[in-house]
Every structure is written in structure tokens, then in C-alpha cells.
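Results of the structural survey
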Amino acid sequence: MSDAEVADVLPFLDDARAEVREMAAEGIAGYTATPEGTAALTRCDNLYPRLVALLSRAGESGCGGAAAAAAAASVNLAQQPAERLKLIDTAGVVDAVALCIGLDDPPELAEYASMCLSNLTQLTSGVELLLANDGAALGALIPRLAAAPTATATPARFAHVALVLTNSAQDPRAREIIFGQMSNSG
């Protein structure tokens, strides 16, 4: 696949129709399955703002599928340290991903979003973003993890939230928020 083929898909991420955005996001996620596709994507301008925009719309009617595909693509791209930095530098990424962790439809959305946030919080700058706004995004994760059912396969969807908390707990401010949430829930 050429850079041009990959770049041709990007404008469809901004389409007015939810189903078109979803198909485009699925295509982008599919490109991340190969080294060639990933390399072509990383050379595209404005990829990350478009993915974050899809994540931000996850709660809107009909937008969950596109958000899930955008989260899957973000997980794969953020496995590469240079791309992880680009994603962290994208305005609103942590808030958008945290929003997705709080949603149940489609079921894979929360899992992909927590995987993405786990990748982002491997870096201090990702933890810093999670701690912005008095740690509201971090604080919202704890009840979500605590409320996950334990008797079914569902907890696997939230397993990466535990990694986010572990990554974040390296920062004393994050530990304060985590322990504060834990003591409030008891």
C-alpha cells in the first residue's frame, strides 16, 4: 500500500455520516496491522487529531463503532515510542480516551481505550495529562474499575485500567488521588 492510498482514507474520518466515519476508522485500524500500513500512517498529517475527534464523539448516537476502531488504531500506533509522543501531544487525547473507558457500547470500546491509556501513561507526560484538571480523569477510572463485574469475561475489558493506575501511581499526586478514591468508596 502506498502513502497516497492511506492518505486517501483520512478525509473520510471527518465525514458527516457516522457509518462512513466508522468504515474509514476500521480501515485505519486495519492499516495498523501491518508494518507497511503503520509506516504509511505515521507519515500522514493530522492523523492523531482526527482519531481523537472520533474518540471524543464516542458518546454520540451511532459514533461508538468509529470510536472503537479509532481506539484500536491508537493502541497499535502508541506501541511505538515516537508515535506515543505524537498522540500525547494531541490536544484532548486523555479526556477523549477516558470518556471512552466510561462507555459500554460497543463492548470493545472501553477495552481499547484502556489499552491506549495504558500505553500513554507509560510516559511521565501521559501521567501529567491524566492529572490535569485536578486529576478528574484519573479519579473517574477507579469507580469504573471497581464497578466492573468479576464473575464474567467482562473484567478483561478493564484489565488495562489497572495498568493505568499502576503507571500513574508512580507520581505522588496520582497516588493521593487513587488512595483518596479508595478511602471514599469504603
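Below is a summary of the structure that appears in this document. What you see is a predicted model; the values in this text were computed from it and never measured.

Inspection of the secondary structure puts Gln170 in the loop between helix 10 (155-168) and helix 11 (172-185). The class for Gln170 is exposed, based on a relative accessible area of 60%. For the pair Gln170 and Ile88, spaced 82 residues apart in the sequence, the C-alpha separation amounts to 18 Å. Here Thr166 takes part through its backbone oxygen, which lies 3.0 Å from a polar atom of the side chain of Gln170.

Two elements in contact, helix 2 (residues 18-31) and helix 5 (residues 64-77), have axes separated by 8 Å at closest approach and are oriented at 20 degrees. Judged by the angle between their axes, helix 2 and helix 5 are roughly parallel. Viewed along their axes, helix 2 and helix 5 form a crossing whose handedness is left-handed. Touching Arg21, Glu22, Ala25, Glu26, Ile28 and Ala29 of helix 2 are Gly65, Ala66, Ala69, Ala70, Ala72, Ala73 and Asn76, all from helix 5. In terms of residue class, the contact of helix 2 with helix 5 is built from 8 nonpolar, 2 polar and 3 charged.

Below, the discussion takes up the packing of helix 7 (residues 93-101) against helix 8 (residues 107-120). Each pair of packed helices gets described by two things: the angle between the helix axes and the distance between those axes. Close contact between helix 7 and helix 8 brings their axes to 7 Å; oriented N to C, the two are set at 145 degrees. For the element pair helix 7 and helix 8, the recorded crossing hand is left-handed. Seen from helix 7, the contacting residues are Val93, Val94, Val97, Cys100 and Ile101; seen from helix 8, they are Leu109, Ala110, Ala113, Ser114, Cys116, Leu117 and Leu120. Looking at side-chain class alone, the contact of helix 7 with helix 8 contains 11 nonpolar, 1 polar and no charged residues.

The next point concerns helix 6 (residues 81-88). Along helix 6, the residues that are buried comprise Glu83, Arg84, Leu87 and Ile88. Along the axis of helix 6, the buried positions cluster into a sector of 145 degrees, meaning they face one direction only. Where helix 6 is buried, its residues meet helix 3 (35-42), helix 4 (47-56), helix 5, helix 7, helix 8 and helix 9 (124-146).

It is worth spelling out the pattern of salt bridges at this point. Overall, the coordinates contain 8 salt bridges when judged by the stated rule. Here Arg43 and Asp3 are joined by a salt bridge, their closest N and O atoms 2.7 Å apart. Of the two residues, Arg43 sits in the loop between helix 3 and helix 4 while Asp3 sits in helix 1 (residues 3-9), which places them 40 residues apart along the sequence. Looking at Arg43, the relative accessible area reads 52%, which means it is exposed. Overall, the relative accessible area of 32% leaves Asp3 in the partly exposed class. Overlapping salt bridges, with partners in common, bring together Glu128, Asp171 and Arg173 in one network.

Calculation criteria
Residues numbered from 1 in each chain as written. Predicted model: local features only at pLDDT ≥ 70, side-chain atom pairs only at ≥ 80, totals over all residues. Heavy atoms only, no water. Helix = DSSP H or I, 4+ residues; strand = E, 2+ residues; numbered from the N terminus. Buried < 20%, exposed > 50% of the residue type's maximum accessible area, 1.4 Å probe, protein only. Polar contact = N/O pair within 3.5 Å; in protein donor to acceptor, adjacent residues only side chain to side chain. Axes fitted to C-alpha atoms, helices over the stretch in contact; angles between N-to-C directions. Parallel < 35°, antiparallel > 145°, perpendicular 65-115°, else oblique. Left-handed = near helix turned anticlockwise from the far one by under 90°. Contact = heavy atoms within 4.5 Å. Nonpolar A, V, L, I, M, F, W, Y, C, P; charged D, E, K, R; others polar. Arc of directions from axis to C-beta. Salt bridge = Lys/Arg side-chain N within 4 Å of Asp/Glu carboxyl O.

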